[in-house]
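Close look at the chain arrangement
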Amino acid sequence: MSIYSPPPEHPRLDALDGGLLNAVASGQARLTPEQALELFRRMPLVSLGRWADARARSLHGDTYRTYIIDRNINYTNVCNAKCTFCAFRRDGHEPDAYTLSYEALLDKIDALVAIGGTQILMQGGMNPALPLEWYEKLLRAIKDRHPHVHVHGFSPPEFIEFVHFFDPPGSTLEDKLRWVMVRLRDAGLDSLPGGGGEIFAPAVRRKIGLGKCDAEAWLTTMYVAHSLGMFTSATMMFGHIEGHADRIHHMWLVRQWQDRALRESDAAAPRHSNAIKPEGSSSEALPLRHSVTPSLRHAQGRGHYKAFIAWPFQRENTPLGRVPDWGANPAELEQEFPGDAIARALSPQLFTSSPARPSPDLPAGTRAADYLDYDAMDPSRYPTAHLFGKRVRMSGSTDYLRTQALSRLFLDNIYSIGASWVTMGPHIGQVALAFGATDMGSVMMEENVVSSAGTTYCLDEALLCRLIRGAGFIPAQRDNVYDILKIHDGPDAPDLSVTDWSTHRVRRLHIQAPKTPKARLTVSAKP
């Protein structure tokens, strides 16, 4: 058995070198972080999209693009973190603070199964009032009623708070996380979602994620999940106070930890058979990638990241959303964005394994502890540093597509890149399939966190299939590990069966409530 080895880097080559990009698209070379940043800044958008699409086709072929039928269930909105980008959280005393009962949660899963759903994505606030036994009982109740529903639940920040709340045995964070995770896995947890990734750069994370775990804790949580055979996803929320280099740094850390997971995975369990032919389909069998047999997934195999999904910050109803836009004063646009200035100042430590090493670009005598004293930074070198965290640079469609395309090229060891139509809208989501994305995510029966910040796009299965087919691909329903469940290439496909599209328009499943203290934040339509 060959042991995983990442493709080589060629740091001396220009980022726009055609030979380098051909090699990256075919999986024969790897971009350095510096080359990635140059691509982001210098390459025309359409060209960047073409290279990302070439990489996507190298991995996934030219025929199929996927989606999943699942349901986002936010089991509580009570949370002890105070993230400035969040409109969902409550302290617990407000009239609209809630924790779902078991029966209410199970009713939601019943509705999911009724439309052919296969997974729930279950996340919530970090609620200190809920004991470990509450989660174990919940998971067992779910598996008792729906043993075949995949439970994709509890993001790394939730697990870090579980460690704080439950005080498990162990001498290291890994030990403590593993103890809690095994308890929940044995009760019915199948995998972890990538929520709470936001931006890993410490300077940014300290500003926007008060009370949320740092990058090391987030990545360690996922490493423990991988060691237990779980497949996970990684996410990034951008378009706020971060610099462009911070986005690359975030992807770079994901790529490093994925390298580690894949090396260890290669020495573990045997793979599936090499292909699957969906029941009732005359299509060619589809290759399965990075999968292990279900019976070995926990017992012997090791997991890894299956997907990366990035989406822009949604500002409505959030504290961070009240921060002024960069460029509201036109004179600001002639200067460097504060997030870029801070990332530039810290750039020698962004892409090193020694993050405490002082930057030679900072004023003489500066200590690591002084990095957060932005007012003290040399104004001749960093004239906008004092505005860090006091201006936001929102992301539009062009910036979103550029960031997604770059993620496909840079994350050579991640199988799937997901399109974020939930935040960007269905048509930009469709365009994203030409910019490196190969998966359209879920039909989204329910979602409360993003919609709390004003985004309300939700699609049914027919519309999702129509978007994929309109982008030039055959839609295929997948499961959590990206194995194909159904290929919709016949006349009975969800979109091809529709005779009147006027009844299948984009609907507002989540309605923004009035901004009053007693208003419920969102209202979800019944499926």
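Since the structure is predicted, the reported quantities are computational estimates derived from the model, not experimental observations. (Residues numbered from 1 in each chain as written. Predicted model: local features only at pLDDT ≥ 70, side-chain atom pairs only at ≥ 80, totals over all residues. Heavy atoms only, no water.)

1. Here's the deal with the pairing of strand β4 (residues 119-123)
Rules: Type-normalised accessible area, obtained with a 1.4 Å probe on protein chains alone, sets the label of each residue: buried when under 20%, exposed when over 50%, and partly exposed for intermediate values. Only DSSP runs of H or I covering at least 4 residues are called helices, and only runs of E covering at least 2 are called strands; the numbering of each starts at the N terminus. Only strands that DSSP links by at least two bridges are regarded as paired with each other. When the strands point away from the viewer, a crossover counts as right-handed if the path from the first strand over the helix to the second runs clockwise.
With five of its five residues buried, β4 lies for the most part within the structure. The two faces of β4 match: Gln119, Leu121 and Gln123 on one face and Ile120 and Met122 on the other face are all buried. Two strands pair when backbone bridges link them, and strand β2 (residues 70-74) and β4 are joined in this way by five bridges, in the parallel orientation. Opposite Asn74, over in β4, you have Gln123 as the bridge partner. One ladder, built from four bridges, connects β4 with strand β5 (residues 150-153); its direction is parallel. Following the sheet pairing, Leu121 is matched in β5 by His152. For the crossover that starts at β4, traverses helix α5 (residues 132-145) and ends in the parallel β5, the hand is right-handed.

2. Quick look at the side chain of Glu136
Short version of the rule: Polar contacts, as used here, are pairs of N or O atoms within 3.5 Å; protein pairs need one atom able to donate a hydrogen and one able to accept it. Residues neighboring in sequence count only if both atoms are side-chain atoms. Residues count as neighbours in contact if any of their non-hydrogen atoms are within 4.5 Å of one another.
Looking at the secondary structure, you find Glu136 in helix α5. A polar contact of 2.7 Å, which involves the side chain of Glu136, links it to the side chain of Arg183. With near-sequence residues (within four places) excluded, Glu136 lies in contact with Arg183, Leu184 and Ala187.

3. Description of the packing of aromatic side chains
Formally: Put simply, two rings from Phe, Tyr or Trp (the six-membered ring, in Trp's case) pair if the centres are within 6.5 Å, and we call them stacked under 30 degrees between planes, edge-to-face over 60, tilted for the rest.
Counted according to the given criterion, the structure contains 19 aromatic pairs. The interplanar angle of 75° and the centroid separation of 6.2 Å between the aromatic rings of Tyr223 and Trp257 together place this pair among those described as edge-to-face. One end of the pair, Tyr223, is in helix α9 (residues 215-227); the other, Trp257, is in helix α10 (residues 244-266), with 34 residues separating them in the sequence. On the basis of relative accessible area, Tyr223 is assigned to the buried category, the value being 9%.

4. Focus on the nonpolar core
Rules: Here, nonpolar core means buried Ala, Val, Leu, Ile, Met, Phe, Trp, Tyr and Cys residues that are tied together by side-chain atoms lying within 4.5 Å of each other.
Among the nonpolar cores identified, the biggest contains 121 residues, and Met122, Phe154, Phe159 and Leu184 are the most heavily contacted of them. At eight residues, the largest contribution of residues to this core is made by α9.

5. With respect to helix α7 (residues 173-187)
What counts is decided by this rule: In a helix, the anticipated span is given by 1.5 Å times the number of residues less one. Arc definition: it is the arc formed by the directions from the helix axis to the C-beta atoms.
In this model, α7 (15 residues) spans 21 Å end to end at C-alpha, consistent with the 21 Å of a helix rising 1.5 Å per residue. Listed in full, the buried residues belonging to α7 are Leu177, Val180, Met181, Leu184, Arg185 and Ala187. Projected down its long axis, α7 carries its buried residues within an arc of 155°, all on one side. Looking at the packing, one finds that the buried side of α7 touches α5, α6 (156-166) and α9. With its phi angle positive at about 140°, Gly188 sits one or two positions after the end of α7.

6. Some details on the packing of helix α1 (residues 18-25) against helix α3 (residues 45-60)
Here is the rule: Note on definitions: angles span 0 to 180 degrees between N-to-C directions of axes, and those axes are lines fitted to C-alpha atoms, for helices only across the stretch in contact. For this scheme, ten residues count as nonpolar: Ala, Val, Leu, Ile, Met, Phe, Trp, Tyr, Cys and Pro. Four count as charged, namely Asp, Glu, Lys and Arg, and the remainder, Gly too, count as polar.
Interaxial distance between α1 and α3 falls to 8 Å at its minimum, and their mutual angle equals 35°. Residues Gly18, Leu21, Asn22, Val24 and Ala25 of α1 touch α3, and the partners they reach there are Trp51, Ala54, Arg55 and Ser58. Of the residues that constitute the contact of α1 with α3, the class distribution is five nonpolar, three polar and one charged.

7. Some points on α1
The set of residues buried in α1 consists of Leu20, Leu21, Val24 and Ala25. Down the axis of α1, the smallest arc covering the buried residues is 130°, so these residues share one side. Those residues of α1 hidden inside the fold are in contact with α2 (33-42), α3 and α13 (397-410). Its side-chain oxygen 2.9 Å from the backbone nitrogen of Gly19, Asp17 forms the N-cap of α1.

8. Brief notes about unusual backbone geometry
Across the chain, the bulk of peptide bonds are trans and the bulk of non-glycine residues have phi less than zero. Phi angles above zero are rare outside glycine, and Glu198 is one such case at about 45°. Mapped onto the fold, Glu198 is located in the loop between α7 and α8 (202-208). The phi dihedral of Tyr482 is positive, around 70°, even though this residue is not glycine. Its place among the elements puts Tyr482 in the loop between β14 (474-478) and β15 (484-487).

9. Some remarks on the confidence of the model for the protein chain
For clarity, the threshold we go by: Across the chain, each position has a pLDDT score giving the predictor's confidence in that residue, from 0 to 100.
Summarising the model, the protein chain shows a mean pLDDT of 83, and 79% of its residues fall at 70 or more. In this model, residues 354-370 is a region of pLDDT below 50 whose contacts with residues beyond four sequence positions or in other chains number 27 contacts. Low pLDDT (under 50) marks residues 447-454, which in the prediction has 32 contacts with non-local residues, meaning those over four places away or in another chain.

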